[in-house]
Each structure stands twice: as structure tokens, then as C-alpha cells.
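A look at the structure
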Amino acid sequence: MIAFLLLGLAAFFGLFLLYPLCLMLGGTFFVEHSVGVNAAGKAITAHVFSLEYYRLVFENPFLQQCMINSLIIAIGTTLGCLILALPLAQLFLKYRFPGKAALGSLILVPLILPPFVGALGLKQLFSRFGSVNLLLEQLGIVNLHHPPDWFGSGGFFGIIVMLILHLYPIMFLSVQAAMANVDPSLKDAARNLGASGWRIFRTVTLPLSMPGIFAGTALVFVSAFTDLGVPLMFEFQTTIPSQIFYFVSQPGSPTGLVLVVLMLLLVGVVFALTRLFGQGDYAMMGRSATTTVEEPLRGFTAILVPVLIGGLILLSAIPHLGVILQSFSGKWFMTVLPEQWTTGAYRDILDFPLTVSSIRNSLLYSSASCVLDIVLGLTIAWLLSRANFFGKSLLDSISMLPLALPGLVLAFAYLSAFSIGPFLSIKWLTPRSDPTLLLVIAYTVHRLPYMVRAACAGFQQTAVTLEEASINLGASRLMTFRKITSPLIAANLAAGIILAFSFAMLDVSNGMILAQEEPRYPMTKAIFALMGRITPNAPSIACAMGVLAMILLGISLYASSRMMGKSMGRLFKV
Amino acid sequence: MKISLQGIKKSFGDTAVVKDVSLEIPCGEMFFLLGPSGCGKTTLLRMLSGLIDVDEGEISFGERRINDVPANQRNCALVFQNYAIWPHLTVFENVAYGLRVRKIAEPELRQRVMEVLEQVRMSSHATRKPTTLSGGQQQRVALARAIVVQPDLLLFDEPLSNLDARLRLEMREEIQRLHELHPITSVYVTHDQEEALSLADRIAVMQGGVIEQIGTPFELYNKPENPFVASFMGEVNFFSVKNSAIGKKLVEQTSLPARGLIGFRPERVSICTEGGISAKVEHATYLGSKNKLSLKTETGEAVAAWTQDFFPAGATIQIRIASSHLLHYPDKESP
């Protein structure tokens, strides 16, 4: 039974994870060289190991600029997130202030707002002739002949700002969880020895919460570096993800492959560094029973702190407010606010063939990937938590591998692996003819770690003795699973399913790369396609789709957090 | 049902946990497996339940060899240490589970479940979810769930170790009462010798995967076959016959061979006015029903004694131990 399951999993991971990745890696290291001439005068070629392709990429000044830009975007975003998250986490940990609980959940809101949709709104509000400049012009501050460029150099700062606004909650969750884990008695000991608040933070809290901070930093850095949607929305070409997307249309070109491999390498290095530096083994110390006592804030600060936090939350929602405005606007050109209001865009969603098919596609891809995720996730989680076999840690690592795999990388690997050779004749496996299966599998593989984690947590919370008690009373394994195990892990599974579903609905990279024909587009790619249309109300329809997407993600994340009944932070850990 | 184990062996990896255990448990007996943690008692119990396989040897229920019978077809009900009450089912459904598996018709099922809930005094909680119950109440439900299926064998895996001292006494009586009501052959695992002494028909004391001694509570306490059993069943003073003055003196008053280990339990120490062993009270603890004395003899040897009369620290007393209460192991040099 176990051997059978393992064989199935090995085949799945082999074909849809290791094979495409290895093929992609190989493709970048082996260069076709002419090694002679045959009798008919044709060149004989052979694949020779070479770093030629890498040299070409590194010597290309344009690609150099792309790398520098992407690094700056990632570093800038990470620093921005740290600057926001560290004080926020301290405030939430140490003090009690009015509205704390509400602000604590609201602060997570940006997470549920898809960043590329936000970019759309940000553009509407802050572009050269956007609402903000027009408002300032009316106030006599700005001259529209030389409007200030808020995004700087073609949207560069816009990208960083958008990514910070989207990603700081992840950093906040990681940092807060880490700081909350620091034994309060350690801080008390420092205070008892005469250390002041700032000194305690610097010498005790910060070093002890380093593992969590590293984890958050790595996650934000990688997300920012590999994000495709935001630069695309800003039409900013000189980043690595934009270039990778550009090379999708040239599947033979090794340059795209090299860029993907470099990206993978960087992500690998970042996560390896996190592992190396981020794992202080402080767990061996017994934790005292004391808990952190929250001090109430008094007087002026009691008002200032919630106002500041509320302001930050509002700020991070501004892009999406722009999207909502646009989606209801009839005519919005060179005015601060739309001139006409209408719900026409929402009606148009139902009339447009592209939007209708994309919604249908997204629902199909997402629900199919959910089903596959449940089957695989449950199987793997069961094997990991209830069975004993050789290679258990290998299975664990492989099923967690997609966490470190940017969407862009896997999608690109699929595209290059399944568009050639033997697969061309298999219609449903070739992205160009029918991307459905590959998209479903790409979504599945990406969300598999979350599903495995959720199911494993369920299995761990369910004491083995509960299952043994059932067997002992005469129930079969199947009946035990049906009557005892599955009801007990149902909540965890549901949470995993909802997460998998909503992330699949709003995934950008896989859809952008693998869905190549309009009737196959998922919602996200349809939004991008609509933005490029000249039809006057296309942007409004795109925004309406974006609003739809936000509502969907919001509902499902809320539901999953209710069902998990635990801090959402756990789901976003590396 | 009669249970028999023949030459049972079990290893986990390289560690032999159960080494060649053979047992016969007659029908209706309350049989105890007693020993320190890691002695293999729980492993033995789980092999009986079928939750783990036997490496070597044979287990029979009645005349039937059940080595290869899967755990869910053995009809032996296990009462778990952590209760293992299913949190998503009501008390009634928890107890009814085994009957539903056995496809008992609804009216009979309802009647049997309520009857057994009555017996464990939980019938008023039938519709409650177990999460609202206390530890003692959960253990009652677990007992009811095990008894209701009328198993051939009842297994107890340290069922009282998660309860506080007062509840433990209460549940001990509960189990005794239920066993009289349902005289099902039972195997009970514990490390608490008091629990074993008070409940068992017979006890097997285990250590390092082997059975040291099988007997009634009286035999194990008063006639332990080796120093390990003696000290596991209760406090005991041991002296080397060769190297200790008390040891020599104790052996002299009997016809026992002058070698090995000799000892006695602290409550067997009696006070005399002359001719005894002279000892000074080092510490005295007053416990109400008895006094615990730490004595030091003239030759500097420590003796623990429980006496009815109180002697303050510093007092010098004479003690003696009747020959019939001496424990002598001629082939052992140290406990």
C-alpha cells in the first residue's frame, strides 16, 4: 500500500517537478557546437557543456540593468517592509490601545488585495495626469505642463511602493510571531539588571527573534524579486521577471532559460542563508510561565498610535480604492474623480466573451487544482505523519520544495519542457494547444506545501490513540478514516482548500506564461489583456474584474482563517 | 476468556523491548502488568490489542491463536491513558461507536449504551460533547465505551495516571465495582504499585522486558523473589551479609546461610528495650498514622523505620526485626 502510494508520488513529482527543472537547468549548460561535417556536407553538432549562455547574459548591458533593477526593487521592498513591520510588531506586542483587535486584523488586509490590481489603481491615481496631480493643479501647486512624476523613471518607485504596501503584512506576521515567542522572563531579567527599553530591544528581543525576522525577510525579498504582475502593470520592461515573460514568446531562446535559472539560484541562496543564519536553537531553554503584560497607552499616544496605524492601513488600501473608483466610473479623463458613475462595467463582464470565458476558466483551473491538491496533500500528509518508510525526509523536502519555487520558474520550466519532443504530439500536455492540464498541475504543485502543512497539522492535532481506539473497537481502517480522522481534520483541510483555491484564482505568473490563447486565459491574464485594449471602457471592465477578484480572495481568506482558528501567520512561514 | 502468551518477543530496531514473556491468565481474572517505565509492559499490552505485531511467540484468546488476527477483529477493548475520547462525537455516540461497528440494531443499541452510561454514572451527560467533561468524566466514558461491546478481553493502559490523587482513588473503586459487575478477563498496565496491590487478582512485575515475578498482591509484597521486586513493591532496607554489621547480626538470629543480601521493610521494625540493634534517630517525620524515622546505627549504617511511637531526632533506641519478616537473597550481593 505504502509502496504503491510512494511510486505514484514519485511518478508525479518526477514528471512535473524534477524533469522540467532538470531539463531547464541542462538546457542552459549545454551549448550546441558544430563538431565536423558529414559526407553530405552538413554540419554535425553535439551538445557540449559550456557556460557560454551565462556569459552572454552577464555581458549584455541591458540584462545587467534588469538584474540591478530587480535587486534594487527586492532590497528596497524588503527594507521598506522591515521599517514598517518592526515598530508595528513592537507596538502590537507591548501596548494596549483603543481599537487594537480591529487594527490587528485590518493590517492584514493588503495581503488579500492582489498587487497587480493595486498597481492598476495606483496608476490611475498617481500617473502624470492622474487624480493626485489634477487635484494639486486645481489647488495651484502643480503645473500640468511639467507634472511631477510620482513613480520615478517609468514606474520604478511605483513598483517598490506597491510591493511594500502589499508585502509588509507578511513581514509583520513573521516578526510579531517571533517576538511573541521570546520568553518575557528573559526581558525581565535584562530589566532587572538595569537595562532600559531600547537596550532590551537591541540586546535581547531583536537577537532572539532573528529567526523569524530572517524568515520574513527572505519571503518578502523573494516575493518582490520574482513578482511579475506589478512591473507588467506599470509597463516597466527592465526587470528580470518582465524579461522572462518577454522571452516566453521565444521558446527556443536560451536567454530566457538562463534568466529563470539565475532567478532560481538567487532564491535558493536566499533561503539557504535564512536556514544558515536564521536558526538560533533557543528552543532548548525551558520557557517560564510568565506572559507578556501589555501596557496600556495613555493620553496623547493612546490616540496617536491607532491613528498612525489606521493611516498606514488606509494608505495601503489607496491603490485598491483607485481600482474600485475606476470600476464604477463611466467617464474618467483628466478629472480628479470620475465624471459619471455607472455599474456598466460589471454588466459588461457578463457580455464580453473574454471575461466570461476567463471567469469560467479560472473557476475550472482552480477547482480542478483543489481536487488534485486534496488527493496529493492528504496522501503526503498521511505518509509523513502516520507511516514509516525509507526516504521520509526526502518526501518531506520535495513536497515543500515548491515554497522556494517562484511561479515564474515552474511555469517557464513547464513551457520549455512540454513544448518539445515527445510531448508535442500529446495535445493536452502541450501548453500551446491546451494549457488546462499543465495550469492545473502548476497551481496544484504551487499550493501543495500549504495543503500538506494544513493536513499534517490536522493529523498531528489528532492523537493517534483516537484512531487506535476506533480500530480497537472493531472498525476497519477505512471506516476509521471516514468516521474519526476526516471529521477531526476537516477544518484544517477546508482551510487548505480555500487557500489553494484563492491563490489559484489570483495567480499571475503561471497563467501569463502557460495560457497562450485568449479562450484559455484565466481571470488575471484577462485583466492584463483588457488593460491593453483600446476600447474606452476596457480599463473599467478590468477594474471591475479586479474588484471581483478581491472580493473572492477576501471571503475565502477570512473563511479559512476562521476555520483554522489559529494565527494566519503560520500559513505564511517559510 | 482465558488468555495465554507463549515466548513473546518484540524489538524496535536494535532494542529488544520484550524478551521472552510467557503468561496464562484465567477467565475473569484482573491481571496486572507492573513495572517502571520502559520495562515493556505497554508494548505487551499493545501486542495483546493487535495495535503492534508480535515478533516471535504466540498469543491465544481461549484456544484460538490470534497473532495474525487484525486489531479490529480481536474483540478486546482498550482503555487509553489519555482517554482517546473522540472530541467530535457526543458522549452517547462515543459509547455507541463499537456497537454501530458491530451493526447492533438501534433499539438494542440505545438500551445498551444507556445502561452502561448508567453504570458509570454518566447517563445525564449522554448528549454532551466530551470537551465539556472533566478528566475523570472522560475516563468514565472511556470505560463505558470499552465495556459496552462486551469484549473478550479488557485492556487498561495506565488509565488513571492523568488524574489527580483524589480522583484516582475514586476511579480505582469505580473500576473495582465495574469488574465485579462485568467479570471480563482484564489486563491492566501501571507503574503505580499501590494501584496494583489494591485492584489485582494477580500481578506480573516486569523489568527490562522480562517478567521478574508473578503472584498475588500478598505474595509479591511479602515474599518477593528478588531484591528488585522487593523494592519495587514498597520501601525496603537491604544489607550485605558479609560487609555490614547489621547484615551479620540479622543472619545470626536465623539459620539462613551467611551470604548474599538480607533486608526488611521499614514497617517491620519493632522497638525493644534491650538486646536489639542500637540506633540514633537522625530525622523524624510525623505523618499522623505513622512516624518515619531515619536511623543511624553505631556502625554508621542507615536504616529506615516506620513506627507507631514518635521519637525525636537525637534519641537513641533499640530496634529488632522478627526472623519471619526478613527477606534473604543468598545469591545477590547488591539490590
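The preceding data block contains the structure.
The text that follows walks through the structure, step by step, so that each part is easy to find. What you see is a predicted model, and the numbers here were worked out from it, not measured in a lab.

**Quick look at the sheet that holds strand 13 (residues 270–272) of chain B**
Strand pairing in a sheet relies on backbone hydrogen bonds. The paired strands run either parallel or antiparallel. Residues and elements named next belong to chain B. Within the open sheet, the five strands sit side by side as 13-17-14-15-16. Their pairing is antiparallel. Looking at strand neighbours, the two that pair on one side only are strand 13 and strand 16 (302–307), the edges of this open sheet. Each adjacent strand pair in this sheet contributes to an overall mean axis angle of 50°, direction not counted. Bridge count between strand 13 and strand 17 (residues 316–320): three bridges; the pairing is antiparallel. Bridging from a neighbouring strand, Cys272 pairs with Gln318 of strand 17.

**Side note on the interface of chain B and chain A**
Across the boundary between the two partners, chain B contributes 22 residues, which contact 19 residues of chain A. The junction of chain B with chain A conceals about 1,700 Å² of combined surface from both sides, 63% of it contributed by carbon and sulfur atoms. At the junction of chain B and chain A, the tally comes to one salt bridge. Of the charged contacts in the structure, one is a salt bridge between Arg46 of chain B and Glu468 of chain A, with a shortest N-O distance of 2.4 Å. At the boundary of chain B and chain A, one finds nine residue pairs in polar contact (both at pLDDT 80 or more). Secondary structure elements with two or more residues in the side of chain B that touches chain A: helix 1 (41–49), strand 6 (76–79) and helix 2 (91–101) of chain B. Class assignment for the residues of the side of chain B that touches chain A results in 14 nonpolar, five polar and three charged.

**With respect to the pairing of strand 15 (residues 291–297) of chain B**
Consecutive side chains of a regular strand alternate in pointing toward one face of the sheet and then the other. Residue and element names in this part refer to chain B. With burial as the criterion, only one face of strand 15 is covered, namely that bearing Asn291, Leu293, Leu295 and Thr297; the residues Lys292, Ser294 and Lys296 on the opposite face remain uncovered. Where strand 14 (residues 277–286) lies against strand 15, seven bridges are found, and the strand directions are antiparallel. Across the sheet, residue Lys280 finds its bridge partner in strand 15, namely Lys296. Between strand 14 and strand 15, which pair antiparallel in sequence order, lie four residues; one of them, Gly288, sits at a positive phi of approximately 90°.

What counts as what
- Residues numbered from 1 in each chain as written.
- Chains lettered and ligands numbered in written order.
- Predicted model: local features only at pLDDT ≥ 70, side-chain atom pairs only at ≥ 80, totals over all residues.
- Heavy atoms only, no water.
- Pairing = 2+ DSSP bridges.
- Helix = DSSP H or I, 4+ residues; strand = E, 2+ residues; numbered from the N terminus.
- Axes fitted to C-alpha atoms, helices over the stretch in contact; angles between N-to-C directions.
- Contact = heavy atoms within 4.5 Å.
- Buried area = accessible area lost by both parts, 1.4 Å probe.
- Salt bridge = Lys/Arg side-chain N within 4 Å of Asp/Glu carboxyl O.
- Polar contact = N/O pair within 3.5 Å; in protein donor to acceptor, adjacent residues only side chain to side chain.
- Nonpolar A, V, L, I, M, F, W, Y, C, P; charged D, E, K, R; others polar.
- Buried < 20%, exposed > 50% of the residue type's maximum accessible area, 1.4 Å probe, protein only.

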